[in-house]
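Tertiary structure, described
Residue-level listing of the chains:
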Amino acid sequence: MPYEFGEILETIRMTEIEHFDIRTVTMGISLRDCHDRNIEVTKQKIYDKILRYGKQHVKLAKEVESQYGISIANKRVSVTPISIPFDACNAEEFIEIAKILDKAAEEIGIDYIAGYSALVQKGMTNGERELIKSIPFALSQTKRVCSSVNIGSTKAGINMDAVNMMGEVIKLTAEKTKDNDSIGCAKLVVFANAVEDNPFVAGAFHGVSEPEIVLNVGISGPGVVLEAIREAGKVDLQQLSEVIKKTIFKITRAGELIGRKVAEKNGIPFGIVDISLAPTPAEGDSIADILKAMGVEDVGAPGTTAALAMLNDSVKKAGLMASSSVGGMSGAFIPVSEDMGMIRAVQAGNLSLEKLEAMTAVCSVGLDMIAIPGDTAVTTIAGIIADEAAIGIINDKTTAVRIIPAYGKKIGDFVDYGGLLGKAPIMEVRTISSAGFVSRGGRIPAPMRSLTN
Amino acid sequence: MKLSEEEIRKITFEAISELGDKATPEAVKELVRRRVESMGGDYKLEKNDVSSGRVILTSFGLNHPGIVAGVTKALGDANCDIQDLSQKILGDFFTMIMVVDISASQKDLKEIQEEMNKIAELLKIKIYLQHEDVFRYMHRI
């Protein structure tokens, strides 16, 4: 037998019992050639192009699923940041573009399309300003469109004017989608150091240096790592790191295989595999449970940040060894609403916003899917974004804020979206004011780290 | 045989000018086959993109007579070649793993999977069929 009995059973156990799946195969489509003076022609070009490349995406991904016995949870599409090719548009026209993206996504049978985005870390063009203004309307009038705005980078610093604008945009988005627990905010990410090849929606976009078309894959598999750690029992942390690496190595290899096969079937180039551990609300598919299995009583206990740092680093090391095409975020995600263990820690009062912020300094992204009271001040939200961006630019890593000031809700309430977005308890936010600082505006200069030349 | 880009372009233009509006997938396939053969090449259309044509079949369940017979008969009927077989019984529990070459089969992987699902239901066991590559990628460097 070319494979050991145990090896085969291990793979079966991962896919059938421990929720190992490919979280997403995301087709990145460039829309840079779709601009036209006439907005109707622009819309038609966008629609045609997405359909031309994406029509078979879901079907072909499903074929690969059954061929390899590994399920692919999501099939998605990312596009060029909309503000770039369509810079001449005004807010109304951008909303029209959002609607056509929504329609195209529905037509090809995907749940989300991402890239309603702007990159304004250093400054804003008129088109970018219009796009940002249009976000609350675009997100409330569409179902499948996801938006992101990059407001800071290690090379440029933090654009505080954009941060302030995003505070307003988030609040207005929450209000515009109040009938659905402010779901618009779950589709809106504010980034620092955004990556161009991230396959994970809502923050995905098809970066300007990307090719015409590409297929990126995001793996998942917290359940597999959790089981491996539990099985390892009482070993020291060096040995535990080995256990995590061995597991991640295997799932990265499988992830790359699946990505390459889907790309091959579509006849398009394969881009990257993002080796992020992305939790889901399913029981056992949780980063919080991994941290607890590593030894902290609950997420939020002293030691949590160190445990997360080690987990994140082990994931990266194993992924790099397993594939030469590692990209995207690649680490551990710590969303609250999408992780049952995180939700429980918040409810038990063990996990605060401040501790989460500390954890984002060592995880792969940032404050993710966190619900806060609806009456939180715009300047406070801007302050949260600025803090998170500062962690990102100083440490030369991606950070993000996906925060939901749930309209009309207060501490003790819940927002509940069902499905992969899950449900989140409203968390406490300090009410002492950030206004004096954030409203100074301008730009926080690029840090020392930017001067590496 | 490997075609150069120039040759592929030539065949494409011929197909366009000859078939025009009447092009169907079958007609194009037929025309390409004729062209490639006339160039002295061997035309083989891949039945599917399974690289080695081998799949791993894993089955589990409570042990009872007829499991191996049921599974192997269906594979035999579908013209699948069993290249390796390993079986273990732990208590009442039965596990069997096979390496099966399906490249000569008239059915593709999906059809065989559907067939196996029916048998699994009949025998009250679980059967998984996965392409060999996934094991090669995960367990071999």
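Going by the structure above, here's the rest.
Residues numbered from 1 in each chain as written. Chains lettered and ligands numbered in written order. Predicted model: local features only at pLDDT ≥ 70, side-chain atom pairs only at ≥ 80, totals over all residues. Heavy atoms only, no water.

**Section: the layout of surface pockets**
- When its volume is computed, the largest pocket comes out at roughly 460 Å³.
- For the lining of the largest pocket, the secondary structure elements donating two or more residues are strand 6 (188-192), strand 10 (399-406) and strand 11 (414-418) of chain A.
- Considering only residue class, the lining of the largest pocket consists of 19 nonpolar, 4 polar and 7 charged.
- Lining the second largest pocket we find 17 residues, and of these Glu65, Ser66 and Gly69 of chain A together with Gln113 and Tyr128 of chain B sit closest to its centre.
- Elements that contribute at least two residues to the lining of the second largest pocket include exactly helix 1 (5-16) and helix 3 (57-68) of chain A together with helix 4 (109-123) and strand 4 (125-131) of chain B.
- Take the lining of the second largest pocket: its biggest share by element is 5 residues, from helix 4 of chain B. (1 Å grid on protein atoms, 1.4 Å probe; cavity = no way out; pocket = protein on both sides within 12 Å on 5 of 7 lines; lining within 4 Å. Points joined across faces, edges and corners; volume = space filled by probe spheres on them. Helix = DSSP H or I, 4+ residues; strand = E, 2+ residues; numbered from the N terminus. Nonpolar A, V, L, I, M, F, W, Y, C, P; charged D, E, K, R; others polar.)

**Some points on helix 9 (residues 287-294) of chain A**
All names here are of chain A.
- Of all the 8 residues making up helix 9, 6 are buried; the element is thus mostly covered by neighbouring parts of the structure.
- Every buried residue belonging to helix 9 is among Ile287, Ala288, Asp289, Ile290, Leu291 and Met294, and all of these are buried.
- Buried residues in helix 9 make contact with helix 7 (222-232), helix 8 (237-266), helix 10 (304-322), helix 11 (340-347) and helix 12 (353-360).
- Where helix 9 ends, the next residue or the one after it, Gly295, has phi of about 135 degrees, a positive value. (Buried < 20%, exposed > 50% of the residue type's maximum accessible area, 1.4 Å probe, protein only. Contact = heavy atoms within 4.5 Å.)

**Description of the pairing of strand 6 of chain A**
Residues and elements named next belong to chain A.
- With 5 of its 5 residues buried, strand 6 lies for the most part within the structure.
- Here strand 6 shows a buried face lined by Leu188, Val190 and Ala192 and a second buried face lined by Val189 and Phe191.
- Across 5 bridges, the pairing between strand 4 (residues 145-153) and strand 6 is parallel. Each bridged residue has a counterpart across the sheet, and for Asn150 the counterpart in strand 6 is Phe191.
- Relative to strand 10, strand 6 runs antiparallel, the two sharing 3 bridges. Across the sheet, the residue bridging to Phe191 is Ala400, located in strand 10. (Pairing = 2+ DSSP bridges.)

**Details of empty space enclosed by the protein**
Residue and element names in this part refer to chain A.
- Enumeration over the complete set of coordinates arrives at 1 cavity of 30 Å³ or more.
- The computed volume of the largest cavity comes to approximately 40 Å³.
- Thr26, Ser78, Glu196, Asp197, Asn198, Pro199, Phe205, His206, Glu210, Val214 and Asn216 are the residues that line the largest cavity.

**A few points about the environment of Lys187 of chain A**
All names here are of chain A.
- In this fold, Lys187 is placed in the loop between helix 6 (160-176) and strand 6.
- Spatially, the C-alpha atoms of Lys187 and Val169 are 12 Å apart, while their sequence positions differ by 18 residues.
- Leave out the neighbours within four places in its chain, and Lys187 touches Tyr112, Leu139, Thr142, Lys143, Val145, Cys146, Ser147 and Ala202.

**Remarks on the interface of chain B and chain A**
- Between chain B and chain A, the residue contacts involve 31 residues of the former and 27 residues of the latter.
- With both sides pooled, the region where chain B packs onto chain A buries about 2800 Å², and carbon together with sulfur makes up 65% of that total.
- Summed over the shared surface of chain B and chain A, the number is 1 salt bridge.
- Here Arg140 of chain B and Glu7 of chain A are joined by a salt bridge, their closest N and O atoms 3.0 Å apart.
- Connecting chain B to chain A are 11 residue pairs in polar contact (both at pLDDT 80 or more).
- Looking at the side of chain B that touches chain A, the elements that each hand over two or more residues are strand 1 (54-62), strand 2 (81-90), strand 3 (93-101), helix 4, strand 4 and helix 5 (132-139) of chain B.
- Ranked by residue count, the leading element in the side of chain B that touches chain A is helix 5 of chain B, at 8 residues.
- Looking at side-chain class alone, the side of chain B that touches chain A contains 14 nonpolar, 8 polar and 9 charged residues. (Buried area = accessible area lost by both parts, 1.4 Å probe. Salt bridge = Lys/Arg side-chain N within 4 Å of Asp/Glu carboxyl O. Polar contact = N/O pair within 3.5 Å; in protein donor to acceptor, adjacent residues only side chain to side chain.)

**Considering the side chain of Thr399 of chain A**
- Mapped onto the elements of the fold, Thr399 of chain A is located in strand 10.
- A distance of 2.9 Å separates the side chain of Thr399 of chain A from the backbone oxygen of Glu388 of chain A, its partner in a polar contact.

**Here we look at the packing of helix 8 of chain A against helix 5 of chain B**
- For the pair helix 8 of chain A and helix 5 of chain B, the least separation of the axes is 7 Å and the interaxial angle reads 140 degrees. Here helix 8 of chain A is positioned oblique relative to helix 5 of chain B, judged by the angle of their axes. Our pair here, helix 8 of chain A against helix 5 of chain B, has a crossing hand that is right-handed. For the pair helix 8 of chain A and helix 5 of chain B, contact is made by Lys250, Arg253, Ala254, Leu257 and Lys261 of chain A and by Asp133, Val134, Arg136, Tyr137, Met138 and His139 of chain B, respectively. (Axes fitted to C-alpha atoms, helices over the stretch in contact; angles between N-to-C directions. Parallel < 35°, antiparallel > 145°, perpendicular 65-115°, else oblique. Left-handed = near helix turned anticlockwise from the far one by under 90°.)

**Observations concerning the sheet that holds strand 2 of chain B**
Residue and element names in this part refer to chain B.
- Read across the sheet, 4 strands follow the order 2-3-1-4 without closing on themselves; strand pairing throughout is antiparallel. The sheet is open, and its two borders are formed by strand 2 and strand 4, each paired with just one other strand. In this sheet, neighbouring strand axes are inclined to one another by 15 degrees on average, regardless of whether the strands run parallel or antiparallel.
- Here strand 1 runs beside strand 4; their pairing, made up of 7 bridges, is antiparallel. Bridge pairing links Ser59 to Ile127 in strand 4.

**Some remarks on a nonpolar patch on the surface**
All names here are of chain B.
- A cluster of nonpolar side chains, namely Leu62, Leu90 and Phe93, defines an oily patch on the protein surface of about 340 Å² accessible area.
- Tracing the sequence through the fold places Leu62 in strand 1.
- Using a relative accessible area of 55% as the deciding quantity, one classes Leu62 as exposed. (Patch = residues over 30% accessible without salt bridge, like charges linked within 9 Å, V, L, I, M, F, W, Y side chains within 5 Å. Areas by Shrake-Rupley, 256 points an atom, 1.4 Å probe, with all protein chains shown as cover.)

Keep in mind these numbers describe shape, not what the thing actually does.
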